[in-house]
Amino acid sequence: MKPGNFTYHEITTQTEAWVEALDVVERSSADLTALFRSRYSQVIFTGCGSTYYLSQAAAALFQECTGRIARAVPAGELLLNERTVLSSNTNNESTLLIAISRSGATTETLRAVEHFKNHYNGKILVITNYADRPLPRLANLSLVIEKGQEESVAQTRSFASMYVAAVAASFLAGGFRAERSAMYQLAEKGQILLKTHAHLAQEMGENLNFDRFYFLGSGIRYGLACEANLKMKEMTLTHSEPFHFLEFRHGPMSMVGGQTVVVGLLSESNFSHEWAVLEEMRNLGAKILALAERGEKVDVQFHSQLPEIVYGVLYLPVLQLMAYHRALAKGLDPDRPTHLSAVVELDTL
Ligand code: F1P
């Protein structure tokens, strides 16, 4: 088996898992509707690593769609610093907990959900890729997307599959019927993007003159920028950080130079403000990689003709592929990132 074979396969077949995620939400729609109708005043999304970043992306979108207060916390924080997340005044039934985990076996997530289950009466929704694991057993309802399962350590297909499920579930909670059915168009658009931008991902990934990457995304895209940044770190051992667009001017831009790549996950709603940041960084010497629905100078254009709350998953494949190529160019195995294992299981918690 050549290094990176699994990762490459998982990235390039991920759209099948997107479709399965939509089918899973569709099949569970009655149960999900009942769950979202239950009494709660806030939603906590939780996970670790990639699935914490997924939680960030999902919480922003959930709040945007439903108007309900939603936030994301790392499972380790929910477990060890509970009072920074759940107020002691919190009514027992007022939190809906949405736990996300590829493996369904990460110790922090399990312990945090167990603790919540034992001390609060709020309902628990789990989003995962494996049915026969401890986490789904703790849930009132689980969304299991088996086609998202992976051989590789770093999450690519799994992340996208669970993200699609979280978005579709948020649309259901918010009554966004048309947006939910529009999501079925994403798979075809994702496949086209993977084909048309494979070369760009390779060219950017193989350019080892670049020594640092910044991923900018705001609103519902910030969690996705965090995830793209994590791929670059895990797979390629490259200095990389995520920021909200306008935050980048407030200090981080001092790191920009001729070997910097600034990746912009641009929105339509704030395009001009976000584009201005990229242009400023270009003037400071950075290489810009821009992704957006459309735009004259945008490198990766989706042309999805879908609303921006629908097409978030389209930001991922080209960036995952860029990390894959950079790992290979550095002589690393994208399937087996340095020091990492697929699941963090601890006997100390
Ligand atoms: C979470 C996770 C992965 C990461 C690493 C360790 O796993 O942090 O995101 O890539 O391999 O575990 P999970 O709870 O989503 O299975």
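What you are looking at is a predicted structure, and each value in this text was computed from that prediction instead of being measured.

The rules behind these values
Per chain, residues are indexed from 1 in the order of the written sequence. Note on the predicted model: pLDDT of at least 70 is required for a residue's local features to be given, and 80 or more for side-chain atom pairs to be given and counted; whole-chain, interface and lining totals, by contrast, use all residues. Neither water nor hydrogens contribute to the side-chain values; these are computed over all heavy atoms in the structure. For two strands to count as paired, DSSP must find a minimum of two bridges between them. Note on conventions: DSSP H or I runs of at least 4 residues are helices, E runs of at least 2 residues are strands, and numbering of each starts at the N terminus. Axes here mean lines fitted to C-alpha atoms, for a helix over just the part in contact, with angles spanning 0 to 180 degrees between N-to-C directions. In this analysis, two residues are considered to be in contact whenever any of their non-hydrogen atoms come within 4.5 Å of each other. We call a residue near a given molecule or strand whenever any one of its heavy atoms falls within 4 Å of it. Within 3.5 Å is the distance limit for a polar contact, defined as a pair of N or O atoms, with the added protein rule that one can donate a hydrogen and the other accept it, and that residues adjacent in sequence qualify only through two side-chain atoms. Here the Shrake-Rupley method, with its probe set to 1.4 Å, supplies the accessible areas, and only the displayed protein chains count as covering residues. A side-chain nitrogen of Lys or Arg and a carboxyl oxygen of Asp or Glu constitute a salt bridge if their distance falls within 4 Å. Each residue gets one of three labels from its accessible area relative to the maximum for its type: buried under 20%, exposed over 50%, partly exposed in between, using a 1.4 Å probe on protein chains only. In these notes, a set of buried Ala, Val, Leu, Ile, Met, Phe, Trp, Tyr and Cys residues joined through side-chain atoms within 4.5 Å is what counts as a nonpolar core. Small angles under 35 degrees read as roughly parallel and large ones over 145 as roughly antiparallel, with 65 to 115 read as roughly perpendicular and the rest as oblique. Throughout, a crossing is termed right-handed when the near helix is turned clockwise from the far one, and left-handed when it is turned anticlockwise from it by less than a right angle. Polar here means any residue other than Ala, Val, Leu, Ile, Met, Phe, Trp, Tyr, Cys and Pro, which are nonpolar, and Asp, Glu, Lys and Arg, which are charged; Gly is therefore polar. Whether two aromatic rings pair depends on their centres lying within 6.5 Å, for rings of Phe, Tyr and Trp, where Trp uses its six-membered ring; planes under 30 degrees apart make the pair stacked, over 60 edge-to-face, and the rest tilted. For a lysine, the NZ atom is tested; for an arginine, the CZ atom; a charge sits over a ring if that atom is within 6 Å of the ring centre and within 35 degrees of the ring normal. With strands facing away from the observer, any crossover in which the path from the first strand over the helix to the second runs clockwise is taken as right-handed.

> Tell me what's going on with the sheet that holds strand E2 (residues 69-74), and back it up with residues and numbers.
Ordered in space as E2-E1-E3-E4-E5, the 5 strands form an open sheet in which the pairing is parallel. Looking at which strands have only one partner, the edges of the open sheet turn out to be E2 and strand E5 (141-144). In this sheet, neighbouring strand axes are inclined to one another by 20° on average, regardless of whether the strands run parallel or antiparallel. As judged from the 6 bridges shared by strand E1 (residues 42-47) and E2, these two strands associate in the parallel manner. For Phe45, the partnering residue across the bridge sits in E2 and is Ala72. Strands in contact with helix H4 (residues 50-66) are E1, E2 and strand E3 (95-101); relative to E2, the strand with the most contacts, it is inclined by about 175°.

> So what about the site of the ligand? Which residues, and what values?
Near the ligand lie 14 residues; those nearest to it are Ser101, Arg102, Ser103, Thr106 and Ser341. Backbone polar atom of Ser50 to an oxygen atom of the ligand: 3.0 Å apart, as the coordinates give it. For the ligand, the accessible surface in isolation is 390 Å², of which the surrounding protein chains cover 94%.

> Tell me what's going on with the pattern of salt bridges, and back it up with residues and numbers.
This structure, assessed with the given rule, holds 13 salt bridges. For Arg221, the salt bridge goes to Glu308, with nearest N and O atoms at 3.8 Å. Taken together, the positions of Arg221 in the loop between strand E6 (212-217) and helix H12 (222-236) and Glu308 in the loop between strand E10 (300-301) and helix H14 (316-329) put the pair 87 residues apart, joining distant regions of the chain. Of the charged contacts in the structure, one is a salt bridge between Lys231 and Glu234, with a shortest N-O distance of 3.0 Å. You can see Lys231 and its partner Glu234 sitting in helix H12, 3 residues apart, about one turn around the helix. Overlapping salt bridges bring together Glu227, Lys231 and Glu234 as one network.

> Kindly report on unusual backbone geometry, identifying the contributing residues and their values.
The phi dihedral of His303 falls on the positive side, at around 45°, and the residue is not glycine. Tracing the backbone shows His303 in the loop between E10 and H14. Even without being a glycine, His339 presents a positive backbone phi close to 65°.

> Go over the side chain of Ser55, please, and point to the residues and values.
Within the secondary structure, Ser55 sits in helix H4. According to the relative accessible area criterion, Ser55 is buried, its value standing at 0%. A polar contact of 3.4 Å, which involves the side chain of Ser55, links it to the backbone oxygen of Thr46. In contact with Ser55, not counting residues within four places along its chain, are Phe45, Thr46, Gly47, Ala72 and Ile100.

> So what about the nonpolar core? Which residues, and what values?
Ranked by internal contacts, the top residues of the largest apolar core, which has 86 residues, are Phe45 and Met322. Setting aside anything within four residues of it in sequence, one finds Met322 in contact with Ala201, Met204, Gly205, Phe213, Phe215, Met232, Val263 and Leu289. Ala75, Val85, Leu97 and Ala99 belong to the second largest nonpolar core, which has 20 residues in total.

> Outline the packing of helix H11 (residues 198-206) against H14, listing residues and values.
In the contact formed by H11 and H14, the axes pass within 7 Å of each other and the chain directions differ by 45°. In terms of axis orientation, H11 runs oblique to H14. Crossing angle aside, the handedness with which H11 passes H14 is right-handed. Across the interface between the two elements, Ala198, Ala201, Gln202, Met204, Gly205 and Glu206 of H11 pack against Val318, Leu321, Met322, His325, Arg326 and Ala329 of H14. Of the residues in the contact of H11 with H14, the class split is 7 nonpolar, 3 polar and 2 charged.

> So what's going on with the packing of aromatic side chains? Residues and values would help.
Taken as a whole, this structure holds 15 aromatic pairs when the rule is applied. For the pair Phe36 and Phe62, a centre-to-centre distance of 5.7 Å together with 50° between the ring planes defines the contact as tilted. Highlighted residues: Phe36 in helix H3 (residues 29-37) and Phe62 in helix H4, separated in sequence by 26 residues. Here Phe62 falls in the buried class, since its relative accessible area comes to 0%. Summarising the aromatic geometry, the rings of Phe210 and Phe213 are spaced 6.3 Å apart at their centres and angled 85° between planes, so their arrangement reads as edge-to-face. The class for Phe210 is buried, based on a relative accessible area of 8%. Of the residues examined, Phe213 reaches a relative accessible area of 0% and is grouped as buried. Through a chain of ring-to-ring contacts, the aromatic side chains of Phe36, Phe45 and Phe62 assemble into a single cluster. When the ring centre of Tyr40 is taken as origin, the NZ or CZ atom of Arg68, which lies over that ring, is 4.0 Å away.

> Kindly report on the pairing of E3, identifying the contributing residues and their values.
The element E3 is extensively covered by neighbouring structure, given that 7 of its 7 residues are classed as buried. Here E3 shows a buried face lined by Thr95, Leu97, Ala99 and Ser101 and a second buried face lined by Leu96, Ile98 and Ile100. Looking at chain direction, E1 and E3 are connected through 5 bridges and run parallel. Paired with Gln42 across the strands is Thr95, a residue of E3. Where the polypeptide runs from E3 across helix H6 (residues 107-119) and back to strand E4 (residues 124-128), its parallel neighbour, the crossover connection is right-handed.

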